[in-house]
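The chain contents come next:
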Amino acid sequence: MTTTLTIALSKGRILKETLPLLADADIRPSVDITNSRKLLFETNHPHIQLLVIRATDVPTYVAHGAADIGVAGKDVLLEHGSAGLYEPLDLNICRCRLMTCAMVGARLGNQRPRVATKFVNITRRYFSKQSRQVDIIKLYGAMELAPIMGLADQIVDIVDTGNTLRANGMEPLETIANISARMVVGGTAMKLKHARIQPVMDSLTAAVSQRQHNN
Ligand code: AMP
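Residues numbered from 1 in each chain as written. Predicted model: local features only at pLDDT ≥ 70, side-chain atom pairs only at ≥ 80, totals over all residues. Heavy atoms only, no water.

Novice: Sorry, what's going on with the overall build of the protein here?
Specialist: The helix and strand tally for the protein stands at eight helices and 11 strands. Of the contacts formed within the protein by residues at least 6 apart in sequence, a portion of 69% connects residues at least 24 apart. Where the 25 positive side-chain charges of the protein centre and where its 19 negative ones centre are 3 Å apart. (Helix = DSSP H or I, 4+ residues; strand = E, 2+ residues; numbered from the N terminus. Contact = heavy atoms within 4.5 Å. Lys, Arg positive; Asp, Glu negative; His and termini not counted. Charge placed at Lys NZ, Arg CZ, Asp CG, Glu CD.)

If you want it as C-alpha cells, here you go:
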C-alpha cells in the first residue's frame, strides 16, 4: 500500500501564488480550489492530497503530523515557533516585510510604547532582544486602526507596497524580518515518509529555481 502525502496550504493571498508554483512542480488539484468550499482536494497524483486551511493552522497541522508538508508565510512560522518542523525551502513567493510602524511624524514620549499586533511572540522577542520595554496589545485584524484610535503608539504588521499604511497616515519604521512563503515538513513525516517527500521537495526546488532563472 502506498501512503498518501498530505500538503497543507494556507488560504487567501498565499494560496493564489502557491497554486501556480505547485502547477510548475506538476502538482495540480483535480478541481478549481479557488471556487470550491471543500477543504480537502485530490490531485493529479493519486497519492498526494491538498488541505486548504487558515495560514496560522498550517504549522500546527504539520508539526502534529496531521499533514506531512505545509506552505506557510515566514511570519506565521516565526510566530508559531519551529518545534517539530523542518523548513527546507524558501518558495520565494509572497515576499513582504514584517515591520514596526507608527503615525507619520509621531514622536514617542517617555512612557513605555504600546504596540498593537497579531504577532505577539515575534514582537515580544524583537523588543526584548534590544532591551526595549513595551506593552503589547493583541489584535486580530486592522492593526492600522489602533494608532488612529489612540489604542497604541506603534503597530507590528506586514508591509508589502506600503499602500495600506499610507492610506491610514502611517509610515514604516524598522524591519523586523523579511518574509516569504516557505515549505515546511513535519519531523515525523521527514523520517517515515522521506522517500515520498523527497521527489516533491526536488520538483518544488526546481520550480523555484526555474522562476528565479527566468526573472
Ligand atoms: P500593502 O498595502 O501592500 O503594504 O499590504 C499590506 C497589507 O496586506 C497588510 O495588512 C497585510 O496583512 C497584507 N499582506 C501583504 N503582503 C502579505 C503577505 N505576503 N502575506 C500576508 N499578508 C500580506
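Novice: Just to check I follow, could you spell out the environment of Arg 132 for this structure?
Specialist: Tracing the sequence through the fold places Arg 132 in the loop between helix H4 (120–129) and strand E8 (135–138). In this structure, the C-alpha to C-alpha distance between Arg 132 and Ala 116, residues 16 residues apart in sequence, is 15 Å. Setting aside residues up to four positions removed in sequence, Arg 132 forms contacts with Tyr 126, Phe 127 and Glu 174. A polar side-chain atom of Arg 132 sits 3.1 Å from a polar atom in the side chain of Glu 174. (Polar contact = N/O pair within 3.5 Å; in protein donor to acceptor, adjacent residues only side chain to side chain.)

Novice: Explain the domain arrangement of the protein here, please?
Specialist: Frequently, the measure chosen for interface size is the accessible area removed from exposure when the parts meet. Along its sequence, the protein is carved into domain 1 (5–94 + 180–214) and domain 2 (97–177). Computed from C-alpha coordinates alone, the two centres of domain 1 and domain 2 are separated by 30 Å. Each partner contributes residues to the interface: domain 1 has four residues there, and domain 2 has nine residues. Where domain 1 abuts domain 2, roughly 540 Å² becomes buried across the two surfaces, and 49% of that area is made up of carbon and sulfur atoms. (Domains from an automatic or database assignment. Buried area = accessible area lost by both parts, 1.4 Å probe.)

Novice: Hey, could you run me through unusual backbone geometry in this one?
Specialist: The general pattern is negative phi for most residues beyond glycine and trans for most peptide bonds. One non-glycine residue, Ser 131, lies in the positive phi region at around 55 degrees. Of note, Ser 131 is situated in the loop between H4 and E8. Despite not being glycine, Ala 142 shows a phi value in the positive range, around 45 degrees. Relative to the helices and strands, Ala 142 resides in the loop between E8 and helix H5 (145–148).

Novice: For this particular structure, what's the right way to read the packing of aromatic side chains?
Specialist: For the structure shown, the criterion picks out one aromatic pair. Geometrically, the ring pair formed by Tyr 126 and Phe 127 is edge-to-face, given 5.2 Å between the ring centres and 75 degrees between the ring planes. A relative accessible area of 16% means that Tyr 126 is categorised as buried. (Phe/Tyr/Trp six-rings, centres within 6.5 Å; stacked < 30°, edge-to-face > 60°. Buried < 20%, exposed > 50% of the residue type's maximum accessible area, 1.4 Å probe, protein only.)

Novice: Hey, could you run me through the nonpolar core in this one?
Specialist: In a soluble, globular protein the nonpolar side chains are often hidden away together inside. The biggest cluster of nonpolar side chains holds 32 residues, and the ones touching the most others in it are Leu 91 and Leu 204. Put simply, the parts of the chain that give this core at least two residues each are strand E1 (5–10), helix H1 (13–24), strand E3 (48–53), strand E4 (69–73), strand E11 (181–186), helix H7 (187–192) and helix H8 (194–214). Those residues within four positions of Leu 204 in sequence are excluded, and the remaining contacts are Leu 21, Leu 22, Ala 25, Leu 89, Leu 91 and Met 183. One finds Val 115, Phe 127, Val 156 and Ile 176 within the second-largest nonpolar core, a separate group that totals 12 residues. (Core = buried A, V, L, I, M, F, W, Y, C linked by side-chain atoms within 4.5 Å.)

Novice: What is the right way to read the site of the ligand from this model?
Specialist: Every residue near the ligand is listed here: Arg 13, Cys 94, Cys 96, Glu 144, Asp 157, Ile 158, Val 159, Asp 160, Thr 161, Gly 162, Asn 163 and Thr 164. Backbone polar atom of Cys 94 to a nitrogen atom of the ligand: 3.1 Å apart, as the coordinates give it. Burial of the ligand by the protein chains amounts to 79% of its free accessible area of 490 Å². Of all the secondary-structure elements, those providing two or more residues to the shell around the ligand are strand E9 (154–159) and helix H6 (163–167). If one sorts the elements of the shell around the ligand by residue count, E9 sits on top with three residues. Across the shell around the ligand, the residue classes tally to four nonpolar, four polar and four charged. (Near = heavy atom within 4 Å. Areas by Shrake-Rupley, 256 points an atom, 1.4 Å probe, with all protein chains shown as cover. Nonpolar A, V, L, I, M, F, W, Y, C, P; charged D, E, K, R; others polar.)

Novice: Please clarify how the pattern of salt bridges should be interpreted in this entry.
Specialist: Close approach of charged atoms allows side chains with opposite charge to pair. According to the stated counting rule, one finds 10 salt bridges in the structure shown. Its salt-bridge partner being Asp 68, residue Lys 193 comes within 3.0 Å of it at the nearest N-O pair. Residue Lys 193 is found in the loop between H7 and H8, and its partner Asp 68 is found in the loop between helix H2 (58–63) and E4; the two are separated by 125 residues along the sequence. Each member of the pair Lys 193 and Asp 68 is classed as buried. A cluster of three or more residues bridged by salt bridges with shared partners is formed by Lys 74, Glu 87, Asp 90, Arg 95 and Arg 182. (Salt bridge = Lys/Arg side-chain N within 4 Å of Asp/Glu carboxyl O.)

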